[in-house]
Amino acid sequence: MTTSTRGAHRTPAVLVLEDGRIFRGRAYGAVGATFGEAVFSTGMTGYQETLTDPSYHRQVVVMTAPHVGNTGINDEDMESKKIWVSGYVVRDPARVPSNWRSTRSLDQELAAQGVVGISGIDTRALTRHLRERGAMRVGIFSGQALPDEGTMLAEVRQAPEMSGADLSAEVATTEAYVVPAIGDKKYTVAAVDLGIKGMTPHRMAERGIEVHVLPATATVEDVYAVEPDGVFFSNGPGDPATADHPVSVMQGVLERGTPLFGICFGNQILGRALGFGTFKLKYGHRGINQPVQDRTTGKVEVTAHNHGFAVDAPLDQVSDTPYGRAEVSHVCLNDNVVEGLQLLDRPAFSVQYHPEAAAGPHDAAYLFDRFVKLMEGQRA
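Residues numbered from 1 in each chain as written. Predicted model: local features only at pLDDT ≥ 70, side-chain atom pairs only at ≥ 80, totals over all residues. Heavy atoms only, no water.

The cut-off we apply is this: UniProt positions are given in the numbering used here, feature names are shortened, and annotations may be inferred rather than shown by experiment.
The protein chain carries the name Carbamoyl phosphate synthase small chain in an unreviewed UniProt entry, which gives Streptomyces tendae as its organism. What the UniProt record of the protein chain gives under Subunit (unreviewed entry) is the line "Composed of two chains; the small (or glutamine) chain promotes the hydrolysis of glutamine to ammonia, which is used by the large (or ammonia) chain to synthesize carbamoyl phosphate. Tetramer of heterodimers (alpha,beta)4." Under the UniProt heading Sequence similarities (unreviewed entry), the entry covering the protein chain gives this text: "Belongs to the CarA family."

Set out below in structure tokens:
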């Protein structure tokens with residue numbers, strides 16, 4: 001990636017999809033060239049949390065909301081230490097942010113972190129194209145990085161695909177750290193960081209949990225060295241079919257019968273650990289308005305998602321696994337994709353979405369309480 005920032009809002013930019021479709025607009029953020037997988041996010045707000053979610057590593061995010069950037073950027077809503085998206089696509093960027101918490105504009109933050117973006121294109125047409133053709137590789141080119149169309153298309157098609165990508169170790173912490181419990185400490189949880197968001201250990205800390213965040217390379221021995229009451233596997237980027245090490249660690253946890261909770265990538269890891277397959281969705285689920293039914297209660301939740309892969313498990317039957325019986329606990333009401341798994345004979349469950357829900361909604365916060373109850377039951 002090559003970047004510069006001077007006069008970006010007046011600089012022509014071009015977005016090129018790997019199937020040859022081209023959109024022309026203006027540079028937004030840094031000027032240069034970038035590549036990734038084109039995906040769309042349906043959230044009307046929460047763009048700062050989206051940008052700093054490590055699960056978006058190597059993805060170019062298309063915002064379906066037409067007006068983006070109106071609340072600016074602050075230092076409190078970051079989900080990690082940096083922006084992880086490889087590119088950003090908006091239709092009508094705010095010229096001036098308007099929020100009492102804002103300290104700088106979205107455009108300025110993208111430029112400062114070297115994130116190449118494009119504005120002024122028909123994001124509705126682009127989103128419809130991705131829905132019909134599926135998520136695909138894309139390049140954004142601006143400034144001196146603007147070669148001829150044939151060269152741009154060739155460069156896009158040379159970029160790596162998301163299928164087969166092993167990315168969690170690229171975004172996870174390299175050193176273990178502790179998020180202390182808020183108030184009295186009740187439990188200790190070992191959290192395997194596959195791309196964890198900052199709000200996730202905070203939600204556990206609010207419930208009296210001391211969270212030991214471990215690198216993606218942590219072993220079973222590392223997990224149990226902290227003497228955990230429960231083990232958590234986080235969200236993260238990449239193809240779950242490549243995640244052999246986390247699957248092996250999770251199987252070690254399941255064998256010991258320690259209460260286990262996984263979200264997003266962690267849900268896919270649980271699926272693989274139980275013997276189910278995974279597959280790539282046509283265009284995935286991304287945004288903060290995805291309808292999911294909790295089959296254990298019948299309740300329908302509005303949930304926050306970011307995933308392009310899913311677990312291939314039977315929806316309407318209990319499955320026998322090496323760790324006892326398992327069933328699909330949650331399902332997406334848009335397309336019947338598996339959104340959660342639970343074991344019936346061991347204290348383990350997972351969901352395919354983000355119960356920490358920064359920047360909302362908060363329908364799924366009860367899942368952290370469900371995890372606490374598993375640990376309570378195990379201790380009893």
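Following the structure, the description resumes.
### Structural notes on the overall build of the protein chain
Selection rule: Under the scheme used here, helices are H or I runs from DSSP no shorter than 4 residues and strands are E runs no shorter than 2 residues, and both carry numbers assigned from the N terminus. Put simply, the radius of gyration uses C-alpha atoms, and a globule should come to 2.2 Å times the residue count raised to 0.38. Only protein chains enter the area calculation, which uses a 1.4 Å probe; residues under 20% of their type maximum are buried, those over 50% are exposed, and those in between are partly exposed. For this analysis, residues touch if any pair of their heavy atoms sits within 4.5 Å. In these tables, accessible area is a Shrake-Rupley quantity obtained with a 1.4 Å probe, and a residue counts as shielded only by the protein chains included in the view. Counting rule for charge: Lys and Arg are taken as positive, Asp and Glu as negative, and neither His nor the chain ends is counted. Where a charge lies is defined by one atom per residue type: Lys uses NZ, Arg uses CZ, Asp uses CG and Glu uses CD.
The secondary structure content of the protein chain amounts to 10 helices and 21 strands. The C-alpha radius of gyration of the protein chain comes to 21 Å, within 12% of the 21 Å expected for a compact globule of 380 residues. Based on the C-alpha atoms only, the size of the protein chain along its principal axes is roughly 65 × 40 × 35 Å. Counting all 380 residues of the protein chain, 58% fall into the buried class. Counted over contacts in the protein chain with a minimum sequence separation of 6, partners at least 24 positions apart contribute 75%. Of the accessible surface of the protein chain, which amounts to about 15300 Å², a share of 46% is contributed by carbon and sulfur atoms. The centroid of the 35 positive side-chain charges in the protein chain is displaced by 6 Å from the centroid of its 45 negative side-chain charges.

### Quick look at the packing of helix α8 (residues 244–256) against helix α9 (residues 265–273)
Put simply, the test is: Note on geometry: axes are lines fitted to C-alpha atoms, helical ones only across the stretch in contact, with angles between N-to-C directions running from 0 to 180 degrees. For classification purposes, an angle smaller than 35 degrees is called roughly parallel, one larger than 145 roughly antiparallel, one from 65 to 115 roughly perpendicular, and anything else oblique. Gly falls in the polar group here, along with every residue not listed as nonpolar (Ala, Val, Leu, Ile, Met, Phe, Trp, Tyr, Cys, Pro) or charged (Asp, Glu, Lys, Arg).
Two numbers describe how α8 lies on α9: the axes approach to 9 Å, and their chain directions differ by 70°. One way to sum up the angle between α8 and α9 is to call them roughly perpendicular. Note on element contacts: α9 touches α8 through G266, I269, L270, R272 and A273, opposite D244, P246, V247, M250, Q251 and L254. Each residue belonging to the contact of α8 with α9 can be placed in one class, and the counts come to 7 nonpolar, 2 polar and 2 charged.

### Observations concerning the nonpolar core
Stated precisely, the cut-off is as follows: Side-chain atoms within 4.5 Å are what join buried Ala, Val, Leu, Ile, Met, Phe, Trp, Tyr and Cys residues into a set we call a nonpolar core.
By size, the foremost hydrophobic cluster in this structure holds 35 residues, and its most contacted members are V223, F233, M250, L254 and L274. Put simply, the parts of the chain that give this core at least two residues each are β12 (187–192), α7 (220–225), β14 (230–233), α8, α9, β19 (324–332) and β20 (338–343). Element by element, the count of residues in this core is highest for α8, at 5 residues. With sequence-adjacent residues up to four places away left out, V223 is seen in contact with A190, V192, L214, P228, V231 and V249. The next biggest cluster of nonpolar side chains, apart from the first, holds 22 residues, and it includes Y187, V189, V351 and L367.

### Examining the pairing of strand β4 (residues 31–41)
For a regular strand, side chains alternate in direction, first toward one face of the sheet and then toward the other. How we decide: One bridge is not enough; two strands pair if DSSP finds at least two bridges between them.
Most of β4 sits out of view: 10 of its 11 residues are buried. Note: β4 against strand β10 (residues 136–142), 6 bridges, orientation antiparallel. Bridge pairing in β10 links A38 to M136. Examined bridge by bridge, β4 and strand β5 (residues 59–63) share 5 bridges and lie parallel to one another. Pairing of E37 across the sheet is with Q59, part of β5.

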